[in-house]
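# Tertiary structure, described
In case you want the letters, here they are:
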Protein chains: 2
Amino acid sequence: MASVFGNKSTVVVPKFTLECGFQLHSVPVAFKTWGMLNTRCNNVMVICHPFTGSADVDEWWERLLGPGRAFDTTRFFIVCMNVLGSPYGTASPLSFDPSTGMRYGPEFPPTTIRDDVRLHKLILDYLGVRSVAVVIGGSMGGMTALEWPLCFPGFVKCLIPMATCAKHSAWCIGWGEAQRQAIYSDSAFEDGYYDSQPTSGLAAARMAGLLTYRSRDSYEERFGRMLSPHPQNNRARAGRGNDRAHPMFTAQSYLLCQGAKFAAKFDANCYIHITHKMDTHDITRDRVPESLGLDEAGALAAVLATLPPNALVLSIDTDGLCLPLEQKTIAEGIPDAELVVISSLTGHDGFLVESEKINAIVVGYLRRQLGEFYEDGAMVI
Amino acid sequence: MASVFGNKSTVVVPKFTLECGFQLHSVPVAFKTWGMLNTRCNNVMVICHPFTGSADVDEWWERLLGPGRAFDTTRFFIVCMNVLGSPYGTASPLSFDPSTGMRYGPEFPPTTIRDDVRLHKLILDYLGVRSVAVVIGGSMGGMTALEWPLCFPGFVKCLIPMATCAKHSAWCIGWGEAQRQAIYSDSAFEDGYYDSQPTSGLAAARMAGLLTYRSRDSYEERFGRMLSPHPQNNRARAGRGNDRAHPMFTAQSYLLCQGAKFAAKFDANCYIHITHKMDTHDITRDRVPESLGLDEAGALAAVLATLPPNALVLSIDTDGLCLPLEQKTIAEGIPDAELVVISSLTGHDGFLVESEKINAIVVGYLRRQLGEFYEDGAMVI
C-alpha cells in the first residue's frame, strides 16, 4: 500500500505521448498528497488546480483543507497533481528537452486537459489508487474534473466541478488571446526565446486576467475612487511623460502590484501554453460520432449523460467568465446532478474565496454520497 | 446667424487653460455639423462622441442620423465636436507644441471631461448658438453629456446620457490601467517618444477593450468554437514557436483583425491620454463643499439634483462596463428623469448597435420634450 502524508513529490514518467502526437521523454510530474490511502485503495480525493495554481493546495485553497473541512485529511487520501505546461514542477516550457539539452521554451508541444488527466492517471497508478471517490476542481480545475470520468469511465465515483464549463467559450478564448497579445508585445519576449522574463507584458496579461476573475461590484466596494496613499511606489510601472501627472487610484495600484508579483513567479511561455490548453477544452471533442446527426446541444447532452450520476455542480452567481448558465447546462446534463449557486460579490474567483459556504456544501454532499468514509473507524487500515 | 450644413471644420482657439493649470496655445478643435441653426439659435443638438469616436457621427452612429431619425437634420442644428487628446483633429499628443515645434507626444498635458465641455462651448459660441435643446452621448459621450449642464447651468434644456456613469468606477479604472500596461510593454512605445506606432501593444489594449464593450453571450452566439477558415492570415500576429501549432478560433482571428485595424488608425499616446481623462470623471469632484457633511451617495444626489429635469437615461441591460445600476442612480437623482433599459445581447456597445430601438425611444422623447421643433414650419428661419 502506497501512502504519503502531507508530502510533495515529483515522479518522472519515462515517456508520454500527447494528443498532438508528440512524445515527451522523462516527464516530471509534481504532486502533493495529504492523508492516507485506505486498504481498499479507494478513499481518494483528486483536487484539480486552476490555471495559475499548483499542487500546493495548502497555498491556494488552504481554508478547505484539514480535518472536518471539505478536503478532510483524516478521511481521504488527497492528491493534487500539477498540469503540463505549468511552471510549478510538471513538464513545461521551462523543462529541458532531452534531445537538445536546452529548455523547450516556446517549442514545448501543445497539450490538452485530456493529456493532463491521462498523465495524472499514471501517478495515481503509481500511488496504488484503485478508484477515485471524488474529483473536485474549479475553473480550469473544473474542466480537468469533468475530463477524469470521461477519460477513465468507471474510475471516478463522485464529481464536483465548480465555476467551470463543458467547453471553453468564445468569450474565454477571446480573453486568452488578448492576454497573449500583451505578452507578445513585450520586447523582452523575443518570440518566446527570452533569457529573462518579459515581466511587463506578463504583468499586463495578469492584470486583465485578474479583472475577469472578479466582479465589477467587488472592485467598486473595495476600491471605489480612492487615491493611492503611496503613488510613488507604482510610478515606475505607471507609464512615463505626463502620464505621471495623472492621479493614481488604488484600483490601479492594486493591479500594478498584483501584476508585478505574478510576473516575478510565473513564466510567460507557460502562461501562453496553458491559455491555449484551455482553448482546446470541449468535452464533446471527438466523442460524438457524426453519424448520430446530433446538433451542438445534443452532442453536449449525450456526453454529459455518460458522466457519473449525482454530481455536485457549483456556481458563483456573479461569475462573468464561466457563467452560471454554463454550470446549469452541466448540471442538467449529468444524471441526477445537483446545482448549487453560491451568492458572492467576488465573481469567478468566488470558488476560491467563499470557503465557508463551500466547506459546508461540499461536506454535506460528501457525507451523503460517500457515507462509508464518514463512519467511525473508517480510517482503520 | 452662423449655419453649417453637413460640414466638417476645424477652428483654432488661440489659448485655453486646462483644469490642470496648463495653458494650451493655438488649440485646434475639429467638429462637424448637420442641419441649420434657427433664428432663435436654439434648435441645437450636441452629440458627444465615445472614447474612440470622432466628430464624424455619420461614420459611427450613422443609423441615428437623418430626417425622421433621432438626429433629425431637418429639425436640429446638430454639432459633434472632437475631444482633447483624440487623434481625430482636436489638440492631442499628435499636435505640435508651438513652444518646441515638436509633437507633444507623452508630454501632452492631462485633460478632463470638463476641459472638453469648456473648450467645446467656445465652438458653440463661435457658431452663434444661444442655448442647447439637447445633449446626447453614450459611454464617454454620456460623461460629457452629464458635464454640459453642470459646467454651464441653464444652457442645456434636455439631456440624454446612455450607457454611462456619474463617476468612473474602480472597474473601469482597472481596465484602463490593464490596457495602458499592454501599450507600455511594447518595445516600440519608447516611453511615448515613438516614431512609429507601438501597434502590437495598442492592438492588445484594443482587444481587451473590445471584449469589455461586448457581452459574453454575444461572443458565444457569433463565434462559439468555430475555427478560422483562414488561420494563416492571422498567424503572423498569433505568436511564435509552437504557438502556431494551436488551433485558431474565429473568436481569436476576429479580435486580431480588429486590433490590427484599430492600431493602424489610432495613436498610442492618445489612447493612454483618453483613458486617463475618463478616470478623472466624477461629477461630484470639487462641487460639494465638505462643510455640507454629505457622504458619497449624498454628494452624488446633491449634484444630480441640479441637472435639468426630465432627462432621458438609457441603459443596455447586458452592459458589463457601465452597469445598468449606474444609469439607474443617475435617473433616480435627476428630477423627473425617465430611465429606459434596452434589452440587447450586445453589452455596453448596445448604445451603438440598437439603432432601431434607440431611434424610436429618442424621437418619442424629443417630440414630448421639444415639441416646438416638431411643429410644421418650425424650420422657417
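Note that the coordinates shown come from a computational prediction; the quantities given were computed from them, not determined experimentally.

A word on the overall build of chain A. Secondary structure assignment for chain A yields 13 helices and 8 strands. What you see for chain A is a C-alpha radius of gyration of 21 Å, in line with the 21 Å of a compact globule of 381 residues. Structurally, chain A occupies a C-alpha span of about 65 × 50 × 50 Å along its principal axes. Of all 381 residues assigned to chain A, the portion counted as buried reaches 62%. Considering only contacts within chain A whose residues lie at least 6 apart along the sequence, 73% involve residues at least 24 apart. Approximately 13,900 Å² of chain A is accessible, and the part contributed by carbon and sulfur atoms is 52%. On chain A, the mean spot of the 33 positive side-chain charges and the mean spot of the 40 negative ones are 5 Å from each other.

Attention shifts here to the nonpolar core. Core analysis: the largest hydrophobic core is formed by 90 residues, its most contacted members being Y219(A) and Y219(B). Discounting chain neighbours no more than four positions away, the residues touching Y219(A) are L210(A), L211(A), R214(A), G224(A), Y254(A), L255(A), A170(B) and W171(B).

The next thing to look at is the interface of chain A and chain B. Facing the 62 residues of chain A at the interface are 62 residues of chain B. Roughly 5,200 Å² is buried in total at the junction of chain A and chain B, and carbon and sulfur atoms are behind 63% of that figure. The interface formed by chain A and chain B includes 4 salt bridges. A salt bridge links E326(B) to R216(A); the nearest nitrogen and oxygen atoms lie 3.2 Å apart. Counting every contact that joins chain A to chain B gives 16 residue pairs in polar contact (both at pLDDT 80 or more). Listing elements by their share of the side of chain A that touches chain B, those giving two or more residues are α4 (170-185), α5 (199-213), α6 (216-222), α8 (250-263) and α9 (268-279) of chain A. No other element matches the 12 residues that α4(A) contributes to the side of chain A that touches chain B.

All names here are of chain A. Relative to strand β8 (residues 338-342), strand β7 (residues 312-316) is paired through 5 bridges, and the arrangement is parallel. By the bridge assignment for β8, L312 is matched with E338. In terms of handedness, the path from β7 via helix α11 (residues 324-333) over to β8 forms a crossover that is right-handed.

Residue and element names in this part refer to chain B. Across its 15 residues, helix α2 (residues 113-127) extends 21 Å between first and last C-alpha, which sits within 8% of the 21 Å expected from 1.5 Å per residue. Along α2, 11 of the 15 residues are buried, which leaves the element largely enclosed by surrounding structure. Where α2 is concerned, the buried positions are I113, R114, D115, D116, V117, L119, H120, K121, I123, L124 and L127. With its phi angle positive at about 85 degrees, G128 sits one or two positions after the end of α2.

Residues and elements named next belong to chain A. Interhelical geometry of α4 versus α5 gives an angle of 155 degrees and a closest axis separation of 7 Å. As judged from the angle between their axes, α4 and α5 are roughly antiparallel. Between α4 and α5 lies a crossing of right-handed hand. Together, W175, Q179, A182 and I183 of α4 and G201, L202, A204, A205, A208, G209 and T212 of α5 make up the contact between the two elements.

The next point concerns the pairing of strand β5 (residues 132-138) of chain A. Two faces make up the sheet, and in a regular strand the side chains alternate between them. Residue and element names in this part refer to chain A. With respect to burial, β5 is a largely interior element, 7 of its 7 residues being buried. Bridge analysis of strand β3 (residues 44-48) against β5 gives 4 bridges, and the strand direction is parallel. Across the sheet, V46 pairs through a bridge with V135, a residue of β5. Handedness of the β-α-β unit built from β5, helix α3 (residues 140-151) and strand β6 (residues 156-162) comes out right-handed.

With that out of the way, let us pick up the relation of the copies chain A and chain B. Each copy of the sequence occupies a distinct position, and chain A is placed on chain B by a rotation of 180 degrees and an axial shift of 0.0 Å, giving an RMSD of 0.0 Å. Both chain copies can therefore be described as sitting about a two-fold axis. Residue by residue, 100% of the interface of chain A is reproduced at the interface of chain B, so both copies engage with the same surface.

Tracing the sequence through the fold places G298(B) in helix α10 (residues 296-304). Each C-alpha atom of the pair G298(B) and V288(B) lies 9.6 Å from the other, and the pair is 10 residues apart in sequence.

This part takes up the packing of aromatic side chains. With the rule as written, the count across this model stands at 45 aromatic pairs over all chains. Where W148(A) meets F152(A), the ring centres are 6.0 Å apart and the plane angle is 40 degrees; that geometry is what we call tilted. Comparing W148(A) with F152(A), the two get one shared label, buried. Each ring, one from W148(B) and one from F155(B), has its centre 6.2 Å from the other, and the planes form 25 degrees; the classification is stacked. F155(B) shares its class with W148(B); the two are buried. Three or more aromatic residues joined by ring pairs form one cluster here, namely W171(A), W175(A), Y219(A), F223(A), Y254(A), W171(B), W175(B), Y219(B), F223(B) and Y254(B). Positioned above the aromatic ring of F155(A) is the side chain of K121(A), whose terminal nitrogen or guanidinium carbon lies 4.6 Å from the ring centre.

When the terminal C-alpha atoms of α9(A) are compared, their 17 Å separation across 12 residues agrees well with the 16 Å that a helix rising 1.5 Å per residue should span. Counting buried residues along α9(A), 12 of its 12 residues qualify, which places the element largely inside the surrounding structure. Those residues of α9(A) lying buried are A268(A), N269(A), C270(A), Y271(A), I272(A), H273(A), I274(A), T275(A), H276(A), K277(A), M278(A) and D279(A). Those residues of α9(A) that are buried are in contact with α2 (113-126), α3, α4, α5 and α8 of chain A together with α8 (250-265) of chain B.

Time to look at the pattern of salt bridges. Residues and elements named next belong to chain B. Per the stated rule, a full pass over the model turns up 44 salt bridges over all chains. Between D58 and K32 there is a salt bridge whose closest N-O contact spans 3.0 Å. Placement of the pair is D58 in helix α1 (residues 57-60) and K32 in strand β2 (residues 23-34), with a sequence separation of 26 residues. For D58, a relative accessible area of 32% puts it in the partly exposed group. Judged by its relative accessible area of 11%, K32 falls in the buried class. Of the charged contacts in the structure, one is a salt bridge between E296 and K167, with a shortest N-O distance of 3.5 Å.

Glancing now at unusual backbone geometry. Its identity as a non-glycine residue notwithstanding, E190(A) has a phi of 50 degrees, on the positive side. Assignment of secondary structure puts E190(A) in the loop between α4 and α5. In this structure E190(A) comes out as exposed when scored by relative accessible area, which is 52%. One non-glycine residue, C41(B), lies in the positive phi region at around 55 degrees.

Here we take up the UniProt feature "active site" (unreviewed entry) in chain A. Residue and element names in this part refer to chain A. According to UniProt, the "active site" (unreviewed entry) feature falls on S139, D319 and H348. Spanning 210 residues, the named residues form one tight spatial group whose C-alpha atoms are at most 10.5 Å apart. Within the fold, S139 resides in the loop between β5 and α3. On the accessibility criterion, S139 (11% relative accessible area) is buried. Once residues lying within four places of it in the same chain are set aside, the contact partners of S139 are P50, M162, A163, T164, H348 and F351. Positionally, H348 belongs in the loop between β8 and α12 (350-353). Ignoring any residue separated from it by four or fewer positions in sequence, one finds H348 in contact with S139, A163, T212, Y213, I316, T318, D319, L321 and C322. Within the structure, the side chain of H348 is placed 2.7 Å from the side chain of S139, a separation counted as a polar contact.

Procedures and definitions
Residues numbered from 1 in each chain as written. Chains lettered and ligands numbered in written order. Predicted model: local features only at pLDDT ≥ 70, side-chain atom pairs only at ≥ 80, totals over all residues. Heavy atoms only, no water. Helix = DSSP H or I, 4+ residues; strand = E, 2+ residues; numbered from the N terminus. Rg over C-alpha atoms; globule rule 2.2 N^0.38 Å. Buried < 20%, exposed > 50% of the residue type's maximum accessible area, 1.4 Å probe, protein only. Contact = heavy atoms within 4.5 Å. Areas by Shrake-Rupley, 256 points an atom, 1.4 Å probe, with all protein chains shown as cover. Lys, Arg positive; Asp, Glu negative; His and termini not counted. Charge placed at Lys NZ, Arg CZ, Asp CG, Glu CD. Core = buried A, V, L, I, M, F, W, Y, C linked by side-chain atoms within 4.5 Å. Buried area = accessible area lost by both parts, 1.4 Å probe. Salt bridge = Lys/Arg side-chain N within 4 Å of Asp/Glu carboxyl O. Polar contact = N/O pair within 3.5 Å; in protein donor to acceptor, adjacent residues only side chain to side chain. Pairing = 2+ DSSP bridges. Right-handed = clockwise from strand over helix to strand, strands pointing away. Expected span 1.5 Å × (residues − 1). Axes fitted to C-alpha atoms, helices over the stretch in contact; angles between N-to-C directions. Parallel < 35°, antiparallel > 145°, perpendicular 65-115°, else oblique. Left-handed = near helix turned anticlockwise from the far one by under 90°. Least-squares fit on C-alpha atoms with pLDDT ≥ 70 in both. Phe/Tyr/Trp six-rings, centres within 6.5 Å; stacked < 30°, edge-to-face > 60°. Lys NZ or Arg CZ within 6 Å of the ring centre and 35° of its normal. UniProt positions renumbered as here; feature names shortened; annotations may be inferred.

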